[in-house]
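# Structural description and commentary
Each chain is listed here by its residues.
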Amino acid sequence: MAVAGCTKCIKYMLFFFNFIFWLAGGVILGVALWLRHDSQTSNLLILQFEGQQAPSTFYISVYILIAVGAVMMLVGFLGCYGAIQESQCLLGTFFFFLVILFACEVAAAIWGFMNRDTMSKELINFYDAAYIKAVDVSGSPSKDAAISVLGAFHTTLNCCGKGDDTPLFMQVVTTLCPPRILSSPKPKSCHSELVSLFSEKLYLIGLAALVVAVIMIFEMIFTMVLCCGIRNSPGVY
């Protein structure tokens with residue numbers, strides 16, 4: 001091999017970080033697939049009411065995570081192979097993809113921060129629209145569909161109502177909420193449960209993104225140092 005001394009140490013450190021990066025890509029891909037098929041979110045986001053699909057803004061971030069996890073595994077393998085082979089070409093390609101990934105992650109983080117409350121608010125509005133129709137005493141054509149939508153929310157989230165429910169809702173609450181929820185001393189508000197649901201999911205996504213960003217920064221530094229070491233090595237002309 002061409003490199004020696006400290007540069008050789010950097011080479012194996014880069015290989016180690018790339019291996020961790022590859023594993024992190026696999027973890028992120030697994031977490032994203034779990035979020036996509038998690039029963040709590042999927043049971044709610046497949047609902048339809050009055051011809052409208054439940055808001056699926058949450059899935060945008062999940063699909064981004066799936067793509068990032070798959071690309072990370074590919075790029076991590078490229079970095080591992082490039083470090084072992086001491087190939088400036090492979091390391092340069094790896095560095096290029098790493099910068100692109102880092103920029104995409106920053107952009108996704110900014111988008112997620114700006115829309116952190118949008119996901120829960122959209123579903124809360126969707127819930128409220130069904131809520132109004134479900135307690136409508138005039139018997140609107142979509143009342144049965146609204147009752148079905150509320151039932152899915154109540155069963156999935158173990159909640160009942162908005163927390164400031166109207167007398168009309170209280171009159172029909174036994175038909176809208178499962179008995180096991182009504183038997184509890186104080187049924188949870190579906191509004192607060194929706195906020196909590198997406199806050200937990202976004203916290204998990206944010207934590208994974210932060211860990212990956214730190215690994216990326218170290219990898220970019222080590223890649224540049226190793227490329228310079230290979231270029232200045234006596235065995236390279």
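Residues numbered from 1 in each chain as written. Predicted model: local features only at pLDDT ≥ 70, side-chain atom pairs only at ≥ 80, totals over all residues. Heavy atoms only, no water.

## Thoughts on a nonpolar patch on the surface
A surface patch of nonpolar side chains, amounting to about 510 Å² of accessible area, comprises F19, W22, L23, F77 and Y81. Sorting the residues of the nonpolar patch by element identifies helix 1 (6–37) and helix 3 (57–85) as the ones contributing at least two each. Element by element, the count of residues in the nonpolar patch is highest for helix 1, at 3 residues. (Patch = residues over 30% accessible without salt bridge, like charges linked within 9 Å, V, L, I, M, F, W, Y side chains within 5 Å. Areas by Shrake-Rupley, 256 points an atom, 1.4 Å probe, with all protein chains shown as cover. Salt bridge = Lys/Arg side-chain N within 4 Å of Asp/Glu carboxyl O. Helix = DSSP H or I, 4+ residues; strand = E, 2+ residues; numbered from the N terminus.)

## Thoughts on the UniProt feature "transmembrane region" (unreviewed entry) in the chain
If you check UniProt for "transmembrane region" (unreviewed entry), the listed places come out as residues 12–35, 56–84, 90–113 and 202–226 in our numbering. In this annotation, residues 12–35 is assigned 100% helix and 0% strand; the end-to-end C-alpha distance for the span is 34 Å. Helix makes up 100% of residues 90–113 and strand 0%, whereas the separation of the span's terminal C-alpha atoms amounts to 34 Å. (UniProt positions renumbered as here; feature names shortened; annotations may be inferred.)

## Observations regarding the nonpolar core
Among the nonpolar cores identified, the biggest contains 28 residues, and L14, F21, M72, L98, L101, V212 and L226 are the most heavily contacted of them. Taken together, the elements giving at least two residues each to this core come down to helix 1, helix 3, helix 4 (88–114) and helix 9 (190–232). For this core, the element with the most residues is helix 9, which contributes 9 residues. Core analysis: the second largest hydrophobic core is formed by 26 residues, I124, L176, L197 and F198 among them. (Core = buried A, V, L, I, M, F, W, Y, C linked by side-chain atoms within 4.5 Å. Buried < 20%, exposed > 50% of the residue type's maximum accessible area, 1.4 Å probe, protein only.)

## Quick look at the packing of aromatic side chains
Taken as a whole and assessed by the stated rule, the structure comprises 11 aromatic pairs. Where F17 meets F222, the ring centres are 5.4 Å apart and the plane angle is 50°; that geometry is what we call tilted. On the criterion of sequence distance, the pair formed by F17 in helix 1 and F222 in helix 9 is long-range, its members being 205 residues apart. Taken as a pair, F17 and F222 share a single burial class, namely buried. With 4.8 Å between their ring centres and 15° between their planes, Y131 and F169 make a pair best called stacked. Of the two residues, Y131 is situated in helix 5 (residues 118–134) and F169 in helix 7 (residues 167–176); the sequence distance between them amounts to 38 residues. Neither Y131 nor F169 differs from the other in exposure class; each is buried. An aromatic cluster is defined as three or more aromatic residues linked by ring pairs; in this entry it consists of F126, Y127, Y131, F153 and F169. (Phe/Tyr/Trp six-rings, centres within 6.5 Å; stacked < 30°, edge-to-face > 60°.)

## Details of the state of the cysteines
With the rule as written, the count across this model stands at 2 disulfides. Disulfide partner of C159: C190, at an S-S distance of 2.0 Å. Between C159 and C190, the disulfide has an S-S torsion of 90° and is therefore right-handed. In this pair, C159 is assigned in the loop between helix 6 (143–157) and helix 7 and C190 in helix 9, connecting sequence segments 31 residues apart. For the residue pair C159 and C190, the accessibility class agrees, reading buried in each case. The side chain of C160 participates in a disulfide bridge whose partner is C177; the two sulfur atoms lie 2.0 Å from each other. Taking the sign of the S-S torsion, about 85° here, the bridge from C160 to C177 comes out right-handed. Note that C160 is positioned in the loop between helix 6 and helix 7 and C177 in the loop between helix 7 and helix 8 (179–182), a separation of 17 residues in sequence. Taken as a pair, C160 and C177 share a single burial class, namely buried. With its disulfide-bonded cysteines labelled consecutively along the sequence, the chain is connected as 1-4, 2-3. (Disulfide = S-S within 2.5 Å.)

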